[in-house]
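Read off the chains here:
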Amino acid sequence: MRYFYSVALLLVFILSASCVPKTALIQKDAEGKIFWPGPPEKERIKYLWSVSVVEVMGKGGRRGVLDFLAGDFEGDITDPGTSNTLHRPFGLFVDDKQNLYITDTGAFRVTIINLKDLKSRQIMDAGKEEFQMPVGVVADGKGKIFISDSVLKKVFIFNGKGKYMNEVKGDFLRPTGLAIDNVRGRLYISDTMAHKIYVYSTNGVVIDEIGGQGIEHGEFNFPTHLWTDRDGYLYVTDSMNFRVQIFNPDGEFERTFGTLGDAYSDLEKPKGVATDSDGHIYVVDSINDMIKIYNREGLLLLFFGEEGVDYGQLWLPSGIFIDNDDVIYVADTYNMRVQAFQYLKNN
């Protein structure tokens, strides 16, 4: 059934492009119509919009990101890197200038969309090396973009215009998740196969390493996604230990939550992790196609999303990012889109 939906979605993109040359409208019909929890409970999460087509073309019809206009389906359909659509969005980051960075493991590129003027651009390679599996992406706010490629086993550095500059020096086995603490000038790199988190300065100088393989506090089994909150705490998705671990700004273990099981509070395949302005912790439970929200102590408060292809539904989601306005961006990976939601802080 999921295969059918994927093929059908792809055909919609192709037919839309052929019927309306160089434009394809991304629908926003569900804005303000989908909330979690449902009535009669007080609403906490609101659905906003989704982006699937990433190449903006044409004139007129622009009414902001919720009426995103996109280009035709140019290029060889067998080569995702030449298409104007997302294929397997994975990692997300939004900077202070409202640039949305999307690593696309299916199209072997990083797409950057400015959410103010809707201009988009692509980073396809790092100098002479084409991306093989771009996974993590962050920006330091001072003109540097960092991108990890798990197959090339490197973390690349680009300038703000997307031009390759250098790479982070390190003997990585499989670099995946990235997180950045711009206040303290730290870059965190998750090395999944080494079962470690490396701590660098944003100038690319190694500072420390956290972890090692195991099940004890401060140890990891295939860590993947990372997040830093406003106080400098580091959140690590400890994937095969089915938990999230939290470390203080000095890299010391603070607390953990999550376990494998069938309860709603359990984590079957945790991926992205992020926090909102009230300190709630959001974890992508990929296998269950939902986002789970916990309090600081790891108590489940709410979840949203379910399996499907409609607005607000998810299919094997991966990355998550929450910006300063509590907009929640989710990489809805196998639906080939990024969806945005709003935490209703004062509702």
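Not measured: the values here are computed from a predicted model.

Next up on the list: the sheet that holds strand β20 (residues 234-238). Reading across from one edge, β19-β20-β21-β22 is the order of the four strands in this open sheet, with antiparallel pairing throughout. Two strands close off the open sheet at either side, each with one partner strand: β19 (223-228) and β22 (253-257). Strand-to-strand twist in this sheet, taken as the mean axis angle between neighbours without regard to direction, amounts to 20°. Sheet topology note: the β19/β20 ladder contains four bridges and is antiparallel.

Right, let's talk about the confidence of the model for the protein chain for a bit. Residues with a pLDDT of 70 or more make up 86% of the protein chain, whose mean pLDDT is 87. pLDDT under 50 marks residues 3-26. Its contacts with residues more than four places away, or in other chains, come to 40 contacts. Here residues 56-77 is modelled with pLDDT under 50, and outside its nearest four sequence neighbours on either side it reaches 69 contacts, counting other chains as well.

Next up on the list: the pairing of strand β29 (residues 337-343). Here β29 lies mainly inside the structure; seven of its seven residues are buried. The alternating pattern of β29 places Arg337, Gln339, Phe341 and Tyr343 on one face and Val338, Ala340 and Gln342 on the opposite face, and all of these are buried. Direction of pairing for strand β3 (residues 45-51) relative to β29: antiparallel, over a ladder of six bridges. Considered in β29, the bridge of isoleucine 45 is made with tyrosine 343. With six bridges connecting them, strand β28 (residues 327-332) and β29 associate as antiparallel partners.

One pass over the full model with this rule turns up eight salt bridges. A salt bridge links glutamate 167 to lysine 154; its shortest N-O distance comes to 3.7 Å. Pair noted here: glutamate 167 is in strand β14 (residues 164-167) and lysine 154 is in strand β13 (residues 154-159), with a separation of 13 residues, a long-range link. Salt-bridge contacts for lysine 345 lead to aspartate 278; the nearest nitrogen and oxygen are separated by 2.4 Å. Taken together, the residues lysine 345 in the segment after β29 and aspartate 278 in the loop between β23 (270-275) and β24 (281-285) connect sequence positions 67 residues apart. Here aspartate 278 falls in the partly exposed class, since its relative accessible area comes to 30%.

About the cut-offs
- Counting from 1, residues in each chain are numbered in the order their sequence is written.
- Owing to the predicted nature of the model, reporting of local features is limited to residues with pLDDT of at least 70; listing and counting of side-chain atom pairs is limited to 80 or more, with chain, interface and lining totals taken over all residues.
- In computing side-chain values, all of the structure's heavy atoms are included and hydrogens and water are not.
- Strand pairing is assigned whenever DSSP identifies at least 2 bridges connecting the two strands.
- Under the scheme used here, helices are H or I runs from DSSP no shorter than 4 residues and strands are E runs no shorter than 2 residues, and both carry numbers assigned from the N terminus.
- The axes used here are C-alpha line fits, helices contributing only the stretch in contact, and every angle between their N-to-C directions lies in the interval 0 to 180 degrees.
- Confidence per residue, as judged by the predictor, is encoded in pLDDT with a range of 0 to 100.
- Here, two residues are considered to be in contact whenever any of their heavy atoms come within 4.5 Å of each other.
- The classification of residues rests on relative accessible area computed with a 1.4 Å probe and restricted to protein chains. Under 20% of the type maximum is buried, over 50% is exposed, and intermediate values are partly exposed.
- Whenever a carboxyl oxygen of Asp or Glu lies within 4 Å of a side-chain nitrogen of Lys or Arg, that contact is scored as a salt bridge.

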